[in-house]
Amino acid sequence: MEYRRRLKNQILPQWGSVPVGDISPTAVAAWEKALLRGRISKNYADGVVGIFRTMMDDAVSEGLRGDNPGAARKSGRRGRFQSQRPEKKIIATPRQALLVARNALEMRGLNEYAIVLTSAYTGLRIGELAAVHRDQLALKDEKHGPRIHAIQQSQYVGGVFTEIQPKYDSGRGLIIPQFLAEVLQELVDSRPSEWVFTAPKGGRMIRGGDWYAETWRPIVHGRAPRGVVRGARARTGIRPVLGVEGMVPHGLRHSHKVWLDEGGHPRVAVEARMGHVLQGVEGVYSHVTLPMELRIADQLQGLWEDSLRPVLDRREYGPFPEFTSPRCKRSPKNLPQAV
């Protein structure tokens, strides 16, 4: 549904009447810049451009044109050119992940709290979390450690919410630290849902434009306290977590990888946990063992316990944002169509 919305609101108004063969790289570059100057977030604009590039790849495959006009442009310099301004990846420490999770608990309850912690302490993608069923949890396994099995991911296909193979066919069972097993046990005991994680108000978990604007951004950047406005109920304020401003949900996956690297675990165990396969000779002769996985779980449990210790020598939260009366929703689906 999110893909179709972006196609309808952003791509078709611009390119729907243009023959595929007449779309030029110059026109595409100008359109991409116009998107970024508009009223949509960079993350949303990047998603729109990604869909468009995929469509052009398909056009090339079908012989409708010779090249992809939206392909990433390369520098004309000879030799290998490295950008002087690489994209900054914002990651969280275990303490910051805890603070973001506490904000999520305050805003949306146990479900969102568990999503943040599970993402941070497993590295699973949001689509993989959305597809985890209750029977894919093994939280009482004392011999091999509690586990969460991510064997599919959720995605809209043809407008229908569908479970498909995970990215790179990376289905896997991950050992999890004991504290997370307890959080997940409390979550599944609190409701009869078929899925472990749900939407904020129940039902299938969907992470589209509304969720980013109304849930994710406030738990990271905070929200102002509000009294009763136009019949809406009063709400408590959420203070922003300092140091992770601008972090996207995928930043929790990046954070997980950094924590494992800092723990000095074998590369084969780290990459397997992230759903990657080592290439070359190293991939052929390296194997993940249960002791490796248990050591990862022990490290993660230690990081969690350390994150619970009070911090007295620095500020961790910023001030409440200023309240502004909303005139319209900020969801990308309510923005005017491109002309």
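Notes on the structure follow. All residue numbers refer to position in the chain's written sequence, counted from 1. Side-chain atom pairs in this predicted model are given and counted only at pLDDT of 80 or more, local residue features only at pLDDT of at least 70, and totals for whole chains, interfaces and linings cover all residues. Excluded from the side-chain calculation are hydrogens and water; included are all heavy atoms of the structure.

**Description of the overall build of the protein**
Numbered from the N terminus, helices here are DSSP runs of H or I no shorter than four residues, and strands are runs of E no shorter than two. Looking only at helices and strands, the protein has 12 helices and five strands in total. Throughout this description, buried means an accessible area under 20% of the type-specific maximum (1.4 Å probe, protein chains only), exposed means over 50%, and partly exposed covers the range between. Looking at the protein as a whole, 44% of its 339 residues qualify as buried. Residues are treated as being in contact if the distance between any of their heavy atoms lies within 4.5 Å. In the protein, once contacts between residues fewer than 6 apart in sequence are set aside, the share between residues at least 24 apart is 69%. Shrake-Rupley sampling with a 1.4 Å probe provides the accessible areas, and residues are treated as covered by the protein chains on show and by no other component. On the protein, roughly 19200 Å² of surface is accessible, and the fraction owed to carbon and sulfur atoms is 52%.

**A word on the environment of phenylalanine 323**
Mapped onto the secondary structure, phenylalanine 323 falls in the segment after α12 (290-307). As a C-alpha pair, phenylalanine 323 and glycine 237 span 86 residues in sequence and 9.6 Å in three-dimensional space. Among all residues touching phenylalanine 323, those that are not within four sequence positions of it are Ala224, Pro225, Arg226, Val229 and Arg235.

**Some remarks on the pattern of salt bridges**
Any carboxyl oxygen of Asp or Glu within 4 Å of a side-chain nitrogen of Lys or Arg constitutes a salt bridge here. Counted according to the given criterion, the structure contains 11 salt bridges. One salt bridge connects arginine 204 with glutamate 163, and the closest N-O pair in it is separated by 3.5 Å. Pair noted here: arginine 204 is in the loop between α7 (178-189) and α8 (209-221) and glutamate 163 is in strand β4 (residues 160-164), with a separation of 41 residues, a long-range link. Classification of arginine 204 as partly exposed rests on a relative accessible area of 22%. Since its relative accessible area comes to 32%, glutamate 163 is described here as partly exposed. Here arginine 309 and aspartate 306 are joined by a salt bridge, their closest N and O atoms 3.3 Å apart. Here aspartate 306 falls in the partly exposed class, since its relative accessible area comes to 41%.

**Considerations on the sheet that holds strand β1 (residues 137-138)**
To summarise the sheet geometry, strands pair through backbone hydrogen bonds and adopt either a parallel or an antiparallel arrangement. Taken in spatial order, the three strands line up as β1-β2-β5 in an open sheet, and their pairing is antiparallel. Either end of the sheet is taken by a strand with one partner, and the two such strands are β1 and β5 (172-175). In terms of strand pairing, β1 meets strand β2 (residues 147-150) through two bridges, oriented antiparallel. Residue alanine 138 lies in a different strand from β2, and its bridge partner there is arginine 147. Note on pairing: two strands pair once DSSP finds at least 2 bridges between them.

**Comments concerning the packing of aromatic side chains**
Stacked, tilted and edge-to-face are the three classes applied to pairs of Phe, Tyr and Trp rings, where Trp contributes its six-membered ring and a pair requires centres within 6.5 Å; stacked means planes under 30 degrees apart, edge-to-face means over 60, and tilted covers the rest. Under the defined criterion, the tally for this structure stands at seven aromatic pairs. Look at tryptophan 31 and phenylalanine 52: their rings are 5.1 Å apart centre to centre, the planes differ by 65 degrees, and that puts the pair in the edge-to-face class. Of this pair, tryptophan 31 sits in helix α2 (residues 25-37) while phenylalanine 52 sits in helix α3 (residues 42-61), placing them 21 residues apart in sequence. Classification of tryptophan 31 as buried rests on a relative accessible area of 5%.

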